[in-house]
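For reference, the chains in residue letters:
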Amino acid sequence: MRARRTKRTARLLAVTAVAALCALGLTAPASAADTPPPGANDWSCKPDSAHPQPVVLVNGTFKTSYENWLTLSPALANAGYCVFSFEYGDLETAPIPDSAAELRDFVNAVLGATGAKKADIVGHSQGGMMPRYYVKYLGGATKVDDLVGIVPSNHGTANPLALAAGATVCPSCVDQTAGSDFLQKLNSDPETPVGPDYTAIATKYDEVVVPYTSAFLKGPDSYVTNVLLQDRCPLDITEHDQAPKSPLVQQWVFNALEHDGPADPAFVPRCV
């Protein structure tokens, strides 16, 4: 009888987790897990003077790189950037410090292949926050030129579904819960260590990173820019899941990558 109750409990927890993930918009087809997005992972690519840093794309929780970067990756490649992406952390569910170590190793491989001294990182959700652990604790401060977070979970989320998912299949969801031990360590002073330029892009319609202001970072204006899409384009209704594919977000990403420093807070994008 006890074994039967245990099996029922396990099934209930699994169903709860799947429901939570679907509600958060975090599920993704497994078939694309090993397929890089268009334009990415040409290991013969060499950066030119106009685009001296290769760009490493870091997808969000429960997302495949292919799905996450289906539009931004080819846009960057067509603009002349060497673009790279990878899968990590058991579909991004592993403890975030473990995933950050995978990112460290991948960036080292990219720098070795391209001959570049530094890389730019563009990440979505967990992928915009997790690289900060690499920067702060794993040597990334000297190897990252720009860190651009698209709706990043920098201060976690108050959405209770994240913790529900984490209780079953997703340690990284627990790490991304507001107030977690992991986030307290990550955001301890200095929140933005000297080295990279930081750009955090948020939308007030974010239903996953709650409140949306959790995406924003503290640091000097000289190397930290926080962007709220609706400040420039009040009618924009971009949500969390669609943000990496947003033409408006793409303009801010290019602005951050194309000049020294983070994104220019005075930049006026074309509202779409």
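The structure this text deals with has already been given above.
Here's a quick rundown of the structure. Here the structure is a predicted model, which is why all the values come from computation and not from measurement.

Each helix and strand counted, the protein chain has eleven helices and six strands in total. Counting over 272 residues, the protein chain shows a buried share of 54%. For the protein chain, the accessible area works out to roughly 11600 Å², and carbon and sulfur atoms hold 57% of it.

Within helix H11 (residues 247–257), nine of the eleven residues are buried, leaving the element largely enclosed by the surrounding structure. Turning to H11, its buried residues number three or more, namely Leu 248, Val 249, Gln 251, Trp 252, Val 253, Phe 254, Asn 255, Ala 256 and Leu 257. One side-chain oxygen at the N-terminal end of H11 lies 3.1 Å from the backbone nitrogen of Leu 248; it belongs to Ser 246.

Let us now look at unusual backbone geometry. The peptide bond linking Asp 189 to Pro 190 adopts the cis configuration, its omega dihedral lying at 0°. Its place among the elements puts Pro 190 in the loop between helix H9 (181–186) and strand E5 (197–202). At the junction of Val 210 and Pro 211, the peptide bond is cis and its omega measures out at -5° in the coordinates. Note on placement: Pro 211 falls in the loop between E5 and strand E6 (224–228). Residue Phe 62 is not a glycine yet carries a positive backbone phi of 65°.

Take the sheet that holds strand E4 (residues 144–150) next. Strand order in the open sheet made by the six strands is E2-E1-E3-E4-E5-E6, with parallel pairing throughout. Here the strands that pair on one side only, and so sit at the sheet edges, are strand E2 (83–85) and E6. With direction set aside, neighbouring strand axes in the sheet form an average angle of 15°. Note: strand E1 (residues 55–58) against strand E3 (residues 119–124), four bridges, orientation parallel. Counted as the bridge partner of Val 58 is Gly 123 from E3.

Reading the values: rules and limits
Residues numbered from 1 in each chain as written. Predicted model: local features only at pLDDT ≥ 70, side-chain atom pairs only at ≥ 80, totals over all residues. Heavy atoms only, no water. Helix = DSSP H or I, 4+ residues; strand = E, 2+ residues; numbered from the N terminus. Buried < 20%, exposed > 50% of the residue type's maximum accessible area, 1.4 Å probe, protein only. Areas by Shrake-Rupley, 256 points an atom, 1.4 Å probe, with all protein chains shown as cover. Polar contact = N/O pair within 3.5 Å; in protein donor to acceptor, adjacent residues only side chain to side chain. Pairing = 2+ DSSP bridges. Axes fitted to C-alpha atoms, helices over the stretch in contact; angles between N-to-C directions.

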